[in-house]
Amino acid sequence: MLAFAACALLPSRRMIGVAAFQFHSVTRNPHVVRQSRFRNVVLFSAEGDASGKARVVFLGTPDVAAESLKAIVGDSKKEESSYEVVGVITQPPKRRKRGKVTPSPVGLVAEELDLPVLCPEKAKDPNFLDELENTLRPDLCITAAYGQYLPKRFLAMPKYGTLNIHPSLLPRWRGASPVQRSLEAGDDPLGVSVLFTVSKMDAGPIVSQDESKVDHNEQATVVLPHLFNIGTDLLLKALPKVINGEITMETATIQNEEQVTLAKMIDSSEGELKVWKDSATTCHNKVRAFSDWPGTYMFFRYGDDDTVDPVKVKIIKTQVLDETAEQTSTIQLGPKKGDGLRIVCADGAVLECLLVQPATRKVMDAKSLVNGLQGKAIKWVQTPDEEEQVDE
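As the structure is a computational prediction, the values presented were derived from the model and not from experiment.

### Side note on the pattern of salt bridges
Thought 1: The tally for this structure, following the rule as stated, stands at 12 salt bridges.
Thought 2: For Lys70, the salt bridge is made with Glu67, and the minimal N-O distance between the two is 3.3 Å. One end of the pair, Lys70, and the other, Glu67, are both in helix α1 (residues 63-76), 3 residues apart, so they sit about a helical turn from each other.
Thought 3: With a shortest N-O distance of 3.4 Å, Asp188 and Lys213 are connected by a salt bridge. Taken together, the residues span a long stretch of sequence, with Asp188 in the loop between α5 (178-184) and β12 (190-196) and Lys213 in the loop between β13 (206-212) and α6 (220-243) at a distance of 25 residues.

### A closer look at α1
Thought 1: Taking 1.5 Å per residue, 14 residues should reach 20 Å; α1 reaches 20 Å between its end C-alpha atoms and fits that length.
Thought 2: Considering only its buried residues, α1 is in contact with β4 (54-60), β5 (83-89), α2 (105-112), β9 (140-144), β10 (162-166) and α6.

### Comments concerning the pairing of strand β15 (residues 296-302)
Thought 1: Within β15, 6 of the 7 residues are buried, which leaves the element mostly enclosed by the surrounding structure.
Thought 2: The pairing of β15 with strand β16 (residues 311-324) spans 5 bridges and is classified as antiparallel. For Thr296, the partnering residue across the bridge sits in β16 and is Ile315.
Thought 3: With 3 bridges joining them, β15 and strand β21 (residues 378-380) adopt antiparallel strand pairing. Of the residues in β21, the one forming a bridge with Tyr302 is Ile378.

### Remarks on the packing of aromatic side chains
Remark: the centre distance and the inter-plane angle together describe each pair of aromatic rings, the angle taken between the planes.
Thought 1: As enumerated under the stated definition, the model contains 2 aromatic pairs in all.
Thought 2: Centroid distance Tyr297 to Phe299: 5.9 Å. Interplanar angle 85°. Geometry classified as edge-to-face.
Thought 3: The cationic tip of Lys312 hangs over the ring face of Tyr297; the distance from NZ or CZ to the ring centre is 4.2 Å.

### Digging into the nonpolar core
Thought 1: Among the nonpolar cores identified, the biggest contains 48 residues, and Phe58, Leu69 and Tyr83 are the most heavily contacted of them.
Thought 2: The element contributing the most residues to this core is α6, with 12 residues.
Thought 3: Not counting the four nearest positions on each side in its chain, Tyr83 is found in contact with Lys53, Ala54, Val56, Ile72, Asp75, Ser76, Leu236, Leu239 and Ile243.
Thought 4: Within the second largest apolar cluster, 25 residues are counted, among which are Ala280, Phe300, Val313 and Ile378.

The rules we used
Numbers given for residues are sequential positions, taken from 1 along each chain in its written order. Per-residue local features of the predicted model are confined to residues with pLDDT of at least 70, and side-chain atom pairs are confined, for both listing and counting, to 80 or more; whole-chain, interface and lining totals are unaffected and use all residues. Excluded from the side-chain calculation are hydrogens and water; included are all heavy atoms of the structure. A pairing counts as a salt bridge when a side-chain nitrogen of Lys or Arg comes within 4 Å of a carboxyl oxygen of Asp or Glu. The secondary structure listing takes helices from DSSP runs of H or I that are at least 4 residues long and strands from runs of E that are at least 2 residues long, numbered from the N terminus. The span one expects for a helix is its residue count, reduced by one, times 1.5 Å. Contacts between residues were defined by any pair of non-hydrogen atoms, one from each residue, lying within 4.5 Å. Only protein chains enter the accessibility calculation, which uses a 1.4 Å probe. A residue is then buried if its area is under 20% of the maximum for its type, exposed if over 50%, and partly exposed in between. Pairs of strands are assigned from DSSP output, requiring at least two bridges between the strands. In this analysis, rings of Phe, Tyr and Trp, with Trp reduced to its six-membered ring, are considered paired at centre separations within 6.5 Å, and the interplanar angle assigns stacked below 30 degrees, edge-to-face beyond 60, and tilted for intermediate values. Working rule: Lys NZ or Arg CZ, within 6 Å of ring centre, within 35 degrees of ring normal, means a charge sits over the ring. What is meant by a nonpolar core is a set of buried Ala, Val, Leu, Ile, Met, Phe, Trp, Tyr and Cys residues, joined one to another through side-chain atoms within 4.5 Å.

Read these as spatial facts, not as claims about activity.
Here's what the structure looks like:
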């Protein structure tokens, strides 16, 4: 019998043959047993199934999930472990510049750990589901930021179910962007949930939860891995009880549907800071929430000539000052060393921009931006579509 994996680009001790990439195809090993029906597939020889341990398949894609995979595999290798990781599923590799194909962070870690990896274009592909059912034969699946909807047939395969690490205090913030939406809303504490996966998104019964206090200036790029670390620890503590039947879909805690909040997908247009109508705290929380993607930005005009086109400036790091001021579009640099650009928002509170990035330039502190302007004034500019709405 063959086990298989996708997107492994480096030779593996367990590799028998390499199925051709659709856009990067070379069969490196002459001992090809067969080609998979999937794009980006590597075939492996199975090592038997005589351990008596539960067979776990991990699903994930980004860096935070890769760290979870490392921890889970490390735990599985302990003598007293009741499970083994037999395969990994991740998103297909991305094609970069000059035709280079880059596996996901989870795919790279799986290759380092010599684990079979599969990268289906769609998790509902019946051929993929056939291979999963007949080859990897999971007893339990674990998902961590995988990024695809799992069909009912998938969820019916593992006898212990599918567990998901979700970085919010469910039922608050179900959906694609829980950390970003919780930071945008100013939630404190934040938290993470481990739950059983069901067909409805993030609606399964909860196995465990934990809260985490965060600093009011911490950004998503820091909070997200922190919450996934907590979630992975919760998962590892729960795994033995799930496998021995103590924790099941029936014994886990049902979510209160009346308390559901949805974390909708983020649109790039949400990144603009509209200081003329939003509070300083609202703008600051946007900077925190969208620090990874899509980022936040404003339009600045340099000098006193209103006919000069404004410049798009990314706002990288901010804080809210404990003071108020008269509303003005003029932006001032604070008087002390290390102070940022001070912007008076709609509520009269002051948003201080500590790090910025003008178009085509590197990230810089506020003083570096001011020094480069050689005494020119800085004003924020309201976007044209917003001006039209105000006029109406």
